[in-house]
Amino acid sequence: MADEMNNLSEEAQSLARVPLFKRLEPHELEHLAEEVDQVNYQAGETIFHEHDHGDALYILEEGTVRIWIMDEDVHEVTLAELKPGDFFGELAVLDRGERSSSATAITDIHLHRLSSDDFQQFLIDHPDASIDVICEIAARMRQTNLLVTQRAARNINVEMEQKATIGQRVADKVASFGGSWTFIIIYLSFLVSWMAFNTFVLVRYGQGKDGAQFDPYPYILLNLMLSMTAALQAPIIMMSQNRAAEKDRLAAEQDFKVNLKSELMLEELIRKQRERDAQIDELTRALAALKRDKPTH
């Protein structure tokens, strides 16, 4: 068996490393290699978009892929990050419908692409692989069920505060204070006091030709302090802005989870209502039948 695997073509050996094809015999791998296309994407490229026609299944061999959707607020919500050996795009291939999400390459990736017809024929010819596909789909459904059964409403601000490091807390405080009127008034007061003290007070009451000025006009020391303050304050404010962007991303994902849970609950209520309506109709028909069959005295 090992010798047969070594004699396989490069594409067939590549397919043999994919868990989905681990049950195939060497000759089956060679046959599949003839049907599978090898495709590459660079980091940041989109493999397919949501609502595209599902014409192929993709198996990831190298790199990382992000599966995501766009919520109602036009925010990207990441559903999963796939690693080598994972496959995606199977739902649209099985029902020949539209893509339910988008896929983007996080890093440079290498993919095996199997067309819709070839994939369905592959499942018919290899029932064991069909079981693997079903198990993978079931695992993803369990993950979705776990998502909607957990409490969706969370306070993002509280969670961010609990996970914040000391440096992040300091950056938030500095950015908050630096963007307030209190800081502006204190800073202007300091500047005016500094210039007035060196220009009027020390010149008038100090000793020497120009008094006792330690930072005479044009206030070189003051300019140095202002430059250092701006140089330190800018990266701290950027750190705080990055945390704000991260908070917005988490809030968008939170909105998606809440909406998803609400939609599923609504669908479940509608389904139960339909079942009740059907039961009531059946009981009504049964009562009507009993009345017709009841003998009259």
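Reference entry: report on the structure contained in this document. All values derive from a computational prediction rather than experimental measurement. (Residues numbered from 1 in each chain as written. Predicted model: local features only at pLDDT ≥ 70, side-chain atom pairs only at ≥ 80, totals over all residues. Heavy atoms only, no water.)

1. Notes on the overall build of the chain
Per the secondary structure count, the chain includes 10 helices and eight strands. Contacts in the chain between residues at least 24 apart in sequence constitute 70% of all its contacts with a sequence separation of at least 6. Accessible area of the chain: about 19800 Å², with a carbon and sulfur share of 58%. (Helix = DSSP H or I, 4+ residues; strand = E, 2+ residues; numbered from the N terminus. Contact = heavy atoms within 4.5 Å. Areas by Shrake-Rupley, 256 points an atom, 1.4 Å probe, with all protein chains shown as cover.)

2. Description of the nonpolar core
When a protein is soluble and globular, its nonpolar side chains tend to lie buried together. Judged by nonpolar contacts, the single largest core of 21 residues is most densely connected at L20, F21, L32, F119 and F122. Listed by contribution, the elements that provide at least two residues to this core are α2 (10–16), α3 (26–35), β3 (56–62), α5 (116–125) and α6 (127–149). Those residues in contact with L20 that sit more than four places away from it in its chain are L57, I59, F87, A129, D132 and V133. (Core = buried A, V, L, I, M, F, W, Y, C linked by side-chain atoms within 4.5 Å. Buried < 20%, exposed > 50% of the residue type's maximum accessible area, 1.4 Å probe, protein only.)

3. Quick look at the pairing of strand β7 (residues 102–105)
Along β7, one buried face is formed by S102 and T104 and the opposite face, lined by A103 and A105, is buried too. Pairing of strand β2 (residues 46–48) with β7, which is carried by two bridges, proceeds in the antiparallel orientation. Looking at the pairing, F48 lines up with A103 of β7. Of the strand pairs in this sheet, strand β4 (residues 65–70) and β7 are connected by four bridges, and their pairing is antiparallel. Opposite V65, over in β7, you have A105 as the bridge partner. (Pairing = 2+ DSSP bridges.)

4. Looking at the sheet that holds β4
Strand pairing in a sheet relies on backbone hydrogen bonds, with the paired strands running either antiparallel or parallel. Read from one edge of the open sheet, four strands run β2-β7-β4-β5, paired in antiparallel fashion. A single partner strand is all that each edge strand has here, and the edge strands are β2 and β5 (76–82). Across this sheet, the average inter-strand angle for adjacent strands is 30°, counted without regard to direction. (Axes fitted to C-alpha atoms, helices over the stretch in contact; angles between N-to-C directions.)

5. Concerning the packing of aromatic side chains
Inspection of the entire model under this criterion finds five aromatic pairs. Centroid distance F48 to F88: 5.9 Å. Interplanar angle 40°. Geometry classified as tilted. Of this pair, F48 sits in strand β2 while F88 sits in strand β6 (residues 87–88), and the two are 40 residues apart along the sequence. Judged by its relative accessible area of 7%, F48 falls in the buried class. (Phe/Tyr/Trp six-rings, centres within 6.5 Å; stacked < 30°, edge-to-face > 60°.)

6. Re unusual backbone geometry
The general pattern is negative phi for most residues beyond glycine and trans for most peptide bonds. Of note, H51 is a non-glycine position whose phi angle comes to about 80°, a positive value. Within the secondary structure layout, H51 lies in the loop between β2 and β3.

7. A few points about the environment of R99
Mapped onto the secondary structure, R99 falls in the loop between α4 (90–95) and β7. Remark: the alpha-carbon pair of R99 and G89, spanning 10 residues in sequence, is separated by 7.2 Å.

8. A closer look at the sheet that holds strand β8 (residues 109–115)
Spatially, four strands are ordered β1-β8-β3-β6 in an open sheet, and the strand pairing comes out antiparallel. Whereas interior strands pair on both sides, the edge strands pair on one side only; in this sheet they are β1 (37–41) and β6. Here five bridges tie β1 to β8, and the two strands are oriented antiparallel to one another. Counterpart to Q38 in the pairing with β8 is H112. The sheet contacts of α5 involve β3 and β8, and relative to β8 the element is tilted by about 75°.

9. So, the pairing of β3
Extensive coverage of β3 is indicated by the burial of six of its seven residues. Bridge analysis of β3 against β8 gives six bridges, and the strand direction is antiparallel. The partner of L57 across the bridge, within β8, is L114. Where β3 lies against β6, two bridges are found, and the strand directions are antiparallel. In the sheet register, I59 faces β6, and the bridge partner there is F87.

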